[in-house]
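Residues per chain are reported as follows:
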Amino acid sequence: MAIVLNGSTGITTPDIDSVAAPDLVGTNFTSLPSGQLVGALPAIDGSALTGISSGGTYDTFTSSGTWTKPSGISYVQVQVVGGGASGRLATGGSDGTGGGGGGAGAIVVFPAGDIASSVSVTVGAGGAQPTSDNQGNSGGDSSFGSHIVGGGGIPAANSSVTGAAGGVGGTLTRDGKIGLDAVGGAGGGSLNGAPYTGYSGIHSDCGGGGGGGSGWQFAGTPAAGGSSGVGGFGGSGATTTVNATSGLFPGGGGGGAGDNTTQVAGAGGDGVVYVTTW
């Protein structure tokens, strides 16, 4: 192709149709002049990459086991809740009963360097539903190694009167790291005298709520279980027409059942351990 200036030719341009394009098929450049290739690309197979975060993990333990620390993390957050106690059952007279105590709980963040490569995890079961007079069953402890132990709830004490105290919330021990913690909510008791009302269970911020109490031959509204910020609510107490309910997962205390009620007390909610990394 030529450029015409004032009727004459003189400057020409190359025919671009005749210039061969480089072969870009596949993974190799086969037609590029070697002089234009400077340096070399390193071979990357992943074996030399270090310091790359795993992206974090989240593990839930509803039964005991072993936790293994992933590589490339900076922090480990652990939440534990102990098992809740059952409510107490009374069948032999004119006794009131108390709800079970909730399991203790905590949420704590640890620097990853403070945690071993593997940690034993224990998950406490909730107290079993009682089947005999003046029986109540404790919840089991939940723990993450020796760093945190969320104690299981304690059932109400034996009662031989129409009034009764509630169970005691589980206690907590942990390392002094940043976090939230709370004992389990106490179970509600019952009034020693007409109308023999059962009292509601107590709230817990991080543990299970306490179970509601149950008065002798009480026919009114069931005593509610205690609430919880992150744990399970407590079960409600029994009346003459309504069974006590079990504590909710995780760690709620069971409702009590006094004499001359339906005489069905609630079990405690099982504990749990959650482990989150990033």
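Now for a quick tour of the structure. (Residues numbered from 1 in each chain as written. Predicted model: local features only at pLDDT ≥ 70, side-chain atom pairs only at ≥ 80, totals over all residues. Heavy atoms only, no water.)

For the rest of this paragraph, the subject is the overall build of the protein. A count of helices and strands for the protein gives zero helices and 12 strands. Start at the N end of the protein and walk to the C end: the helices and strands fall as β-β-β-β-β-β-β-β-β-β-β-β. Split into buried and exposed, the 278 residues of the protein put 44% on the buried side. Sequence-distant contacts, at least 24 apart, represent 62% of the contacts inside the protein between residues at least 6 apart. Carbon and sulfur atoms form 56% of the exposed surface of the protein, whose accessible area is close to 13300 Å². (Helix = DSSP H or I, 4+ residues; strand = E, 2+ residues; numbered from the N terminus. Buried < 20%, exposed > 50% of the residue type's maximum accessible area, 1.4 Å probe, protein only. Contact = heavy atoms within 4.5 Å. Areas by Shrake-Rupley, 256 points an atom, 1.4 Å probe, with all protein chains shown as cover.)

Our next topic: the sheet that holds strand β12 (residues 272-277). Here we have five strands laid out as an open sheet, ordered β3-β12-β5-β6-β11, and antiparallel in their pairing. Here the strands that pair on one side only, and so sit at the sheet edges, are β3 (57-61) and β11 (179-182). Neighbouring strand axes in the sheet, compared pairwise and without regard to direction, differ in orientation by 15° on average. Examined bridge by bridge, strand β5 (residues 75-81) and strand β6 (residues 105-111) share seven bridges and lie antiparallel to one another. Pairing of Val-80 across the sheet is with Ala-106, part of β6. (Pairing = 2+ DSSP bridges. Axes fitted to C-alpha atoms, helices over the stretch in contact; angles between N-to-C directions.)

A separate point is the packing of aromatic side chains. By convention here, two paired aromatic rings are described through the distance between centres and the angle between planes. Tallying each qualifying case throughout the model produces four aromatic pairs. Ring plane angle 15° and centroid distance 6.1 Å describe the contact between Tyr-58 and Tyr-274, whose orientation is recorded as stacked. Of the two residues, Tyr-58 is situated in strand β3 and Tyr-274 in strand β12; the sequence distance between them amounts to 216 residues. (Phe/Tyr/Trp six-rings, centres within 6.5 Å; stacked < 30°, edge-to-face > 60°.)

Quick look at the pairing of β6 now. Taking burial as the measure, the seven residues of β6 include five buried ones, the bulk of the element. Pairing of β6 with β11, which is carried by four bridges, proceeds in the antiparallel orientation. Counted as the bridge partner of Ala-106 is Asp-181 from β11.

With that settled, the discussion passes to the nonpolar core. Among soluble globular proteins, nonpolar side chains are generally buried collectively. Membership of the largest hydrophobic core comes to 18 residues, with the highest contact counts inside it found for Trp-67, Val-76, Val-78, Phe-144, Val-273 and Val-275. Among the elements of the structure, β5, β6, β7 (118-122) and β12 are those that each provide at least two residues to this core. Contacts of Val-78, omitting those with residues within four sequence positions, involve Ala-106, Ile-107, Val-108, Phe-110, Phe-144, Ile-148, Val-273, Tyr-274 and Val-275. One finds Ala-238, Ala-244, Ala-257 and Ala-265 within the second-largest nonpolar core, a separate group that totals five residues. (Core = buried A, V, L, I, M, F, W, Y, C linked by side-chain atoms within 4.5 Å.)

Once that is clear, we can look at the sheet that holds strand β4 (residues 65-68). Spatially, the five strands line up as an open sheet ordered β4-β7-β8-β9-β10, and their pairing is antiparallel. Two strands close off the open sheet at either side, each with one partner strand: β4 and β10 (172-174). Along the sheet, successive strands turn relative to each other by an average axial angle of 15°, direction set aside. Summarising the sheet, strand β8 (residues 142-144) and strand β9 (residues 148-150) pair through three bridges and their orientation is antiparallel. Each residue of the ladder has a partner; that of Ser-143, found in β9, is Val-149.

Let's shift gears to the environment of Ser-236. With respect to the helices and strands, the residue Ser-236 is situated in the loop between β11 and β12. The class of Ser-236 is buried, set by a relative accessible area of 18%. Those residues in contact with Ser-236 that lie beyond four places of it in its chain are Gly-212, Pro-222, Ala-223, Ala-224, Gly-225, Ala-244, Thr-245 and Gly-255.

Most of β5 is tucked away, with five of its seven residues classed as buried. As defined by bridge partners, β5 adjoins β12 across six bridges and the pair is classed as antiparallel. Residue pairing for β12: Val-76 is matched across the bridge by Thr-277.

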